[in-house]
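Tertiary structure, described
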Amino acid sequence: MSKEKHQTFERLLSAAREVNAEISGPQKLADAMNESAQTVTNWGTRGVSAKAAAKAQSLFGVSSAYILEGSGPRFVRAALSDDLSEVLPAIEPRDLIRIPLLANSGSMGKGNDTLDADYVVGDLALSAHWINQYIKPGNIQELKFIHAHGESMSPTFSDGDVLLVDAGSRDPASHEGVYVLDVHGQTYIKRVRMRMSGSLEVSSDNPNIKTVDELNGDHQVRVLGRVVWAWNGNKL
């Protein structure tokens, strides 16, 4: 019995096949996207990355937001034959907000090197209505996408998950949650809460590798933003 494919991969393959009937399976999809067969196989088991979803949007016109979250219109531009494009729902461009995908990634383990600038490697389109309904940021322009690496925050989110970060929310004392932290030039993703003593506690969610540290002023820590959504459907 074949293993069930990741939902993001199934959505991508189905939409790509609708655009081009010759994309009949993973190998054809790999050829069409100029990716290795192993990369596409990984999408089937682990899920489609934000960067790959952005590439698919550029190539096929399928909405990256649809691939990753399964909501909204399937297509963002006419990439289909005339007869199919006639039955697609109309897209309202004014409702789409481009959120940058940064090269920076956050580690849930030993930490990743923090880049010296916010290098943009792509973007994902989200509905402004969806953002305002579920995220409610102070400023939409402060939203960024990054990738998570490691397993210390499982089951909240896992290695390879795409995370939506509100860079305008940087005060764990006023809003406990999961934050992206720069500690001595390394980027971490950890849960941060305030203790009764007034110090901040930094911890992991994975009970098998639970770690807890206290920020007492001796650490060189910069809060880069709060994780507000994991692209496995979990709101934080």
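Scroll up a little and you will see the structure.
Position numbers for residues count from 1 along each chain, tracking the sequence in the order it is written. With pLDDT at 70 or above as the cut-off, local features in this predicted model cover only qualifying residues; side-chain atom pairs require 80 or more to be listed or tallied, and sums for whole chains, interfaces and linings still use all residues. Side-chain metrics in this entry use all non-hydrogen atoms of the structure; hydrogen atoms and water are not considered.

Some thoughts on unusual backbone geometry
Inclusion rule: Secondary structure elements follow DSSP: runs of H or I no shorter than four residues count as helices, runs of E no shorter than two count as strands, and numbering proceeds from the N terminus. Working definition: with a 1.4 Å probe on protein chains only, accessible area under 20% of the residue-type maximum means buried, over 50% means exposed, and in between means partly exposed.
Cis geometry marks the peptide bond from serine 154 to proline 155, where omega comes out at 10°. With respect to the helices, strands and loops of the structure, proline 155 is situated in the loop between β4 (143-149) and β5 (162-166). Phi is positive for asparagine 34, close to 55°, though the residue is something other than glycine. Position of asparagine 34 among the secondary structure elements: in the loop between α2 (26-33) and α3 (37-46). On the basis of relative accessible area, asparagine 34 is assigned to the exposed category, the value being 68%.

Here's the deal with α2
The condition is simple: To obtain the arc, one takes the directions from the helix axis to the C-beta atoms. We call two residues in contact whenever any of their non-hydrogen atoms come within 4.5 Å of each other.
Of all the residues in α2, the buried ones are Leu29, Ala30 and Met33. Seen along its axis, α2 keeps its buried residues to an arc of 100°; they face one direction. Of the surrounding elements, those touching the buried residues of α2 are α1 (7-19), α3 and α4 (50-60). With its phi angle positive at about 55°, asparagine 34 sits one or two positions after the end of α2.

Brief notes about the packing of α2 against α3
Definition in use: Where helices are involved, their axes are fitted lines through C-alpha atoms of the stretch in contact, as for all axes, and angles between N-to-C directions lie from 0 to 180°. For classification purposes, an angle smaller than 35 degrees is called roughly parallel, one larger than 145 roughly antiparallel, one from 65 to 115 roughly perpendicular, and anything else oblique. In this scheme the handedness of a crossing depends on how the near helix is turned from the far one: anticlockwise by less than a right angle means left-handed, clockwise means right-handed. Polar here means any residue other than Ala, Val, Leu, Ile, Met, Phe, Trp, Tyr, Cys and Pro, which are nonpolar, and Asp, Glu, Lys and Arg, which are charged; Gly is therefore polar.
Remark: α2 packs on α3, axes separated minimally by 9 Å, with the N-to-C direction vectors making an angle of 120°. The angle between α2 and α3 places the two elements in the oblique class. Judged by the twist between their axes, the crossing of α2 over α3 is right-handed. Each of Pro26, Gln27, Leu29, Ala30 and Met33 in α2 lies in contact with α3, whose residues at this interface are Ala37, Val40 and Trp43. Within the contact of α2 with α3, the residues separate by chemical class into seven nonpolar, one polar and no charged.

Quick notes on the pairing of β5
Which entries qualify depends on this criterion: Any two strands between which DSSP finds at least two bridges are classified as paired.
Most of β5 is tucked away, with five of its five residues classed as buried. Side chains of β5 alternate between two faces, with Val162, Leu164 and Asp166 and Leu163 and Val165 buried alike. Pairing of β4 with β5, which is carried by five bridges, proceeds in the antiparallel orientation. Its bridge partner lying in β5, histidine 147 is registered against valine 162. Inspection of the sheet shows β5 paired to strand β10 (residues 221-230) by four bridges, in the antiparallel sense. Residue aspartate 166 lies in a different strand from β10, and its bridge partner there is arginine 226.

A closer look at the packing of aromatic side chains
When we look at a pair of aromatic rings, we describe it by the centre distance and by the angle of the planes. Applied cut-off: Note on aromatic pairs: the rings of Phe, Tyr and Trp (six-membered ring only in Trp) are paired at centre separations within 6.5 Å, and the planes decide the class, stacked below 30 degrees, edge-to-face beyond 60, tilted for the rest.
All told, the structure shown has three aromatic pairs when counted by the stated rule. Centroid distance tryptophan 130 to tyrosine 134: 5.6 Å. Interplanar angle 40°. Geometry classified as tilted. With tryptophan 130 and tyrosine 134 both in helix α7 (residues 128-135) and four residues apart, the pair spans about one turn of that helix. Owing to a relative accessible area of 11%, tryptophan 130 belongs among the buried residues under this scheme.

What about the side chain of lysine 144?
As a reminder of what qualifies: N or O atoms closer than or at 3.5 Å make up a polar contact, with two conditions inside protein: a donor-capable atom paired with an acceptor-capable one, and, for residues adjacent in sequence, both atoms drawn from side chains.
With respect to the helices, strands and loops of the structure, lysine 144 is situated in strand β4. A distance of 3.5 Å separates a polar side-chain atom of lysine 144 from the backbone oxygen of glutamine 141. Every residue in contact with lysine 144, bar those within four places of it in the chain, is listed here: Ile99, Pro100, Leu102, Leu163, Leu164, Val165 and Ala167.

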